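# Summary of the model geometry
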Amino acid sequence: MCGIAGVFDPEAATPADRLAQLATTMAGTLRHRGPDDDGVWVDAPAGIGLGFRRLAIIDLSDAGHQPMRSPAGRYTMVFNGEIYNHGELRHALGPAVRLRGHSDTEVLLAAMDAWGVEGALGRANGMFALAVVDARTGALCLARDRLGEKPLYYGWAGDTLVFGSELKALRAHPDLPGTIDRGALALFLRYTFVPAPHTIYERVRKLLPGTTVTFTAGMPPGHLPPPRPYWRLSEVAGTGAGETRVFSGDRRAATEALHDLLLDATALRMTADVPVGAFLSGGVDSSAVVALMQAAQPNAKVRTFTVAMPDIAFDESAAAGAVAHHLGTEHTTVELTAGEAISTITELPRVYDEPFADPSQIPSMLVARTAREHMTVAVTGDGGDEVFAGYNRYVLGSAAWPRVRRLPGPVRRGLRRGLLTVSPHRVDALMRRIEPVTPARLRLRNPGDKVQKLTRLLDAASSGDGTGDGSDVLYQALVSEWPDPGALALGAAEPPTFAGTGDGAAGLGVVGHMMFRDQLGVLPDGMLTKVDRASMAAGLECRLPLLDHRVVELAWSLPLEWQLHDGRGKQLLRSVLDRYVPRELIDRPKTGFDPPIGEWLRGPLREWAEALLDPRRLAGEGWLDPEPVRRRWSEHQRRARNWDYALWTVLQWQAWSETA
C-alpha cells in the first residue's frame, strides 16, 4: 500500500527541477500512506513528474522501489495497491520475461509491456490506483480498480494537471484554486459523502472505479477527458445491453462455488512479506473471512482485533470474542471510550481530507492504530452488505415497500402523522422491557429509529409518481440524511450522481436497484473511503476478499431469493459460514460498527457540537441555512426525534470547513 502523486504540464514548459520539486512536495503529504520509502521520476520533455511514498508489503528489497520502469522500458509507473494474482500473471508472461525482484508492481508493468495497459488491468485481480507514462506516446494514464478500493483524485491547478491518492496532495500544489463546489456540498448533505466523480472542490474529480483516463501532450488546460471503462458493473449486474449471466447450478452448487471462490480470494489476500491479521466484529462478514483465513492456514493462529463500544446496545465485542474462541484465533479487544472519541474527532478533517460523515470512522481509526502495533496488513469483511444483500433497507424494499405503496394515500398520510408523534426514545424503552421474552433473531437494534425510518417509506410512497416500482424514490428516501439538501446548502444546485457508470439499474427490481446503486456509490465513496483513510492514517493495509471481482460477478449471477429470504439477507454467505461457526454464535440482530453518536451529542460532545452549530456562526459563514439545523438539534436534544446521522453530517462539514 502506498501513496502516489504527480503533475503533468501538457505544454512541457515546466523545467525538470520544478517538476521534481512539485512531485516531491505533493507526495510528501502522503507519508502516512508510505512511511518506508519514497521516490520521484521526471520526464521534462513530456512535462511529467511522478512522486511516490511506499508501504513495503511484497518484496521489501530495493527491487520494489518506485517509480518503476517496465522490463521493456516502455512504461514508468507509480502504483498504490496490490495485485493478488501476480504469480499467475508472472507464469502467463513466461520465462522469456526476466524480472529483477518479485514485487507485484514489476509483474504488472511486464504485463503492460506484453498486453497493453487495459489488457493488463483486465487480467489483474487486485485493488489499485496508478499512474503510468507511455514513453512511446508521452501520454499519462490514470487507472483505478474495479470496485474502487483505492482512491485517486485529479484536476487542474492552473495550467498543470495534478493527481494524487488524497486531496491533500493536490492542495500542496500552489496553483490549485481550492474553490468549494456548493453542488458537491449538497450531495454530501444527502449521502454523508461526496459521490464520484465529484469532489468538494470545483475542477477536481475522483476517478470512477473500473476506469482509466488518459492525458496527452498539447491538450487544452482545464480539459478533463471522459473516463474509459475497462470493467462495467452494469454489464455484471445485467442492466445493460447483452445477455444476463445466470448461475447454471442449484443452490447447493452455488454455496459450494461461493465457498471455493471465497477461500481462494482470502488465501490470495494473505500473501505478504509482513505480518497479516484480521478485523473481527463477530458478524457474518468478518466471521466468514476469519474462518476462511484459519482454514487457509490451519497450523497457525490468525491474529484478530475488535472494538468494544461504551454503549452495550452498540457493542459486539462479546460476540466477536465468542467467534474468536471457537475458531481459535489470537484475539485482542480494544476499548473505545467517549474520551478517546473526542480526541479522535479532532483528527477527522485531516484524515478524511474532504467532508465525510460515517460515525464508524471513529472506531475504525482506533482499531487500525492498535492493529498496526502488531501487523502491517489486516484482512476485513467489508463489502458483504453490498454484495450479499445485507442492509436492512433491502428487507424493507422486498417486504414493506410493496405493502406501503398499496395503501391509499389518506391512510399513508394518517399513519405518517401518527408515527411522527411517537418518540424514538419511548419506543426504545418499551422494547427493552419486552426484550427478555423476544426471540433473539426478532430483536431490533434501535427500534425507535426503525419507526422513524418507516416514515421515510411513507414519504417516498406519497412522493412517487405512481409509475414503475418506485425503486429510485425509495432508495433516495432511505439513504438521504437531508432529503432536500439543495435547500439546506445555500445557493446550491444538486448535480446528478453516478454519471458514466453504465445504463442504470433498469430491470433489476427494487432490491436489485438498491444493491446496484450501493455498489456504485455507497461502497466506493462511503464504506471503502472510510476503510482506506482510517487504515492508511495508521500505515496499515486493509484487504477485502468479499470484493474480489470474481465474487461480485458470481453474486450477481445468482437468484436474489438465494441471498435475501424470509426477511434476512446474506443467506448464501451464511451457508458458507455454517461450515465453520455454529449459527447460535452468529444469529443476533444486526449491530453495525457505529459508536453511540446520538447519546454523545446529548452528553460529552454537546459543547463541541453547540459551538459548531451556533446559529450566528452558521449565518455568518453563509454555507447552510441555520433554521433546519437548529430545529433538528433542538428535537434531538429533547429526544423528540433521533437526528444523530443528520447532525453528524452537518458537524463534519463544519469541522472540515474550519480547517480547509
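In case you missed it, the structure is sitting above this.
In what follows, the accompanying structure is described. Position numbers for residues start from 1 in each chain and track the written sequence from start to end. Under the rules for a predicted model, residues below a pLDDT of 70 receive no local features and side-chain atom pairs below 80 are neither given nor counted, while totals for whole chains, interfaces and linings still include all residues. Side-chain figures throughout are based on the complete set of non-hydrogen atoms in the structure, without hydrogens or water.

As used in this record, nonpolar core signifies buried Ala, Val, Leu, Ile, Met, Phe, Trp, Tyr and Cys residues forming a set joined through side-chain atoms within 4.5 Å. Note on classification: 1.4 Å probe, protein chains only; a residue is buried when its accessible area is under 20% of the maximum for its type, exposed when over 50%, partly exposed between these limits. If you look at the biggest cluster of nonpolar residues, it comprises 171 residues, and the most contacted ones within it are Met112, Leu130 and Leu624. Counting from the N terminus, the helices are the DSSP runs of H or I reaching at least four residues and the strands are the DSSP runs of E reaching at least two. Among the elements that make up this core, the one with the highest residue count is helix α21 (residues 509-536) (12 residues). Those residues within four positions of Met112 in sequence are excluded, and the remaining contacts are Tyr75, Met77, Val117, Ala120, Leu130 and Val132. Formed by 22 residues, the second largest nonpolar core is a distinct cluster that contains Phe8, Ala129, Tyr154 and Trp156. In this description, contact between two residues means that some pair of their heavy atoms is separated by no more than 4.5 Å.

Any two side chains of opposite charge can pair if their charged atoms end up close together. Salt bridge, as used here, is a side-chain nitrogen of Lys or Arg placed within 4 Å of a carboxyl oxygen of Asp or Glu. Under the counting rule described, the total for this entry stands at 36 salt bridges. Residue Glu235 pairs with Arg232 through a salt bridge whose shortest N-O separation is 3.7 Å. A salt bridge links Arg617 to Glu658, with the nearest nitrogen and oxygen atoms 2.8 Å apart. Taken together, the residues span a long stretch of sequence, with Arg617 in helix α27 (residues 615-621) and Glu658 in helix α29 (residues 644-659) at a distance of 41 residues. Of the residues examined, Arg617 reaches a relative accessible area of 24% and is grouped as partly exposed. One network of salt bridges, with partners in common, ties together Arg33, Lys150, Glu166, Lys168, Arg171, Asp353, Asp532 and Arg533.

So, about unusual backbone geometry. For the bond running from Gln66 to Pro67, omega is 0°, close enough to zero to count as cis. Looking at the secondary structure, you find Pro67 in the loop between β3 (48-54) and β4 (68-69). Going from Ala196 to Pro197, the amide bond is cis rather than trans, its omega being 10°. Within the secondary structure, Pro197 is located in the loop between α6 (182-191) and β10 (204-206). Unusually for a residue other than glycine, Ala12 sits at a positive phi of about 55°. Mapping Ala12 onto the fold places it in the loop between β1 (2-8) and α1 (16-28). At Thr192, a position not held by glycine, the phi torsion is positive, near 75°.

For the rest of this paragraph, the subject is the packing of helix α15 (residues 392-406) against α21. Packed helix pairs are specified by the crossing angle of their axes together with the interaxial distance, meaning the distance between the axes. Across the interface, α15 lies against α21 with an axial gap of 9 Å and an inter-helix angle of 160°. Of the possible angle classes, the one that applies to α15 and α21 is roughly antiparallel. With respect to the hand of their crossing, α15 and α21 are arranged in right-handed fashion. Between α15 and α21, the residues in contact are Arg393, Tyr394, Gly397, Ser398 and Trp401 and Val510, Val511, Met514, Met515, Asp518 and Val522, respectively. Axis definition: a line fit to C-alpha positions, over the contact stretch in the case of helices; interaxial angles, taken between N-to-C directions, run 0 to 180 degrees. Should an angle fall under 35 degrees it is called roughly parallel, over 145 degrees roughly antiparallel, and 65 to 115 degrees roughly perpendicular, with every other angle called oblique. Left-handed describes a crossing whose near helix is turned anticlockwise from the far helix through less than a right angle; right-handed describes the clockwise counterpart.

Bringing the sheet that holds strand β13 (residues 276-279) into the picture now. Pairing is parallel across the open sheet formed by five strands, whose spatial order is β15-β14-β13-β16-β17. A strand with exactly one partner marks an edge of an open sheet, and here the two such strands are β15 (330-335) and β17 (541-543). The mean angle between the axes of side-by-side strands here comes to 30°, regardless of whether they run parallel or antiparallel. Strands qualify as paired when DSSP identifies two bridges or more between them.

Further remarks concern the packing of aromatic side chains. Two rings belonging to Phe, Tyr or Trp (six-membered ring only in the last case) form a pair when the distance between their centres is within 6.5 Å. Interplanar angles under 30 degrees mark stacking, angles over 60 mark edge-to-face geometry, and anything in between is tilted. If you walk through the whole model with that rule in mind, you get nine aromatic pairs. Residues Tyr201 and Trp656 carry aromatic rings whose centres are separated by 6.0 Å and whose planes lie at 50° to one another, so their mutual orientation is tilted. Taken together, the positions of Tyr201 in the loop between α6 and β10 and Trp656 in helix α29 put the pair 455 residues apart, joining distant regions of the chain. Here Tyr201 falls in the buried class, since its relative accessible area comes to 3%. Through a chain of ring-to-ring contacts, three or more aromatic side chains come together here, namely Tyr201, Trp623, Trp653 and Trp656. When the NZ atom of lysine or the CZ atom of arginine is within 6 Å of a ring's centre and also within 35 degrees of its normal, the charge is said to sit over that ring. Between Arg632 and the ring centre of Trp643, over which it is positioned, the NZ or CZ distance is 3.8 Å.

Within the open sheet, the six strands sit side by side as β4-β5-β6-β7-β11-β12. Their pairing is antiparallel. Here the strands that pair on one side only, and so sit at the sheet edges, are β4 and β12 (228-229). In this sheet, strand β5 (residues 75-83) lies alongside β4 in antiparallel orientation, the contact comprising two bridges. The partner of Met68 across the bridge, within β5, is Met77. Contacts from helix α3 (residues 104-115) reach β4, β5 and β6 (126-134), with the element oriented near 125° to β5.

Just distances and angles here, no functional claims.
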